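# Notes for the structure review
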Amino acid sequence: MKFPKAQRVLTAVGVTAAAVLIPLATAETASATAWQCERYLASKGYVVGAKVKTACGNDTFATNAWCIIQLDALISNNVHVNEACRLARN
């Protein structure tokens, strides 16, 4: 009678793995989001140069802090910095 319990455990592990892996496998590339970050800052009157493009290119959640640090050194408005980095990672 241990087999049904093991089968339930394996089923639970499989469902959990699918819940984690499917969104990763179907995620779209973030190439347009760096552009959105740059366009947002340009619309607020900022010059979009190499440093801004580098900061906006940090488009993953793990590098969001790095995006904020880089843009914060260039832009004094925290609302604009946070929104631009949010756009870069979405």
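Above this text is the structure in question.
To start, this report covers the structure provided alongside it. (Residues numbered from 1 in each chain as written. Predicted model: local features only at pLDDT ≥ 70, side-chain atom pairs only at ≥ 80, totals over all residues. Heavy atoms only, no water.)

## Digging into the state of the cysteines
Counted by the stated rule, this structure contains two disulfides. Across the disulfide, Cys37 is cross-linked to Cys56 (sulfur-sulfur distance 2.0 Å). Between Cys37 and Cys56, the S-S torsion sits near -60°, and that sign places the bridge as left-handed. Residue Cys37 is found in helix α2 (residues 31-43), and its partner Cys56 is found in helix α3 (residues 50-56); the two are separated by 19 residues along the sequence. (Disulfide = S-S within 2.5 Å. Helix = DSSP H or I, 4+ residues; strand = E, 2+ residues; numbered from the N terminus.)

## Brief notes about the pattern of salt bridges
All chains considered together, the criterion is met by one salt bridge. Linking Glu83 and Arg86 is a salt bridge whose minimum nitrogen-to-oxygen distance equals 2.6 Å. Here Arg86 and Glu83 lie together in helix α5 (residues 78-89), a separation of three residues that amounts to about one turn. The partly exposed category is assigned to Glu83, whose relative accessible area is 24%. Take Arg86: its relative accessible area is 33%, and that puts it in the partly exposed class. (Salt bridge = Lys/Arg side-chain N within 4 Å of Asp/Glu carboxyl O. Buried < 20%, exposed > 50% of the residue type's maximum accessible area, 1.4 Å probe, protein only.)

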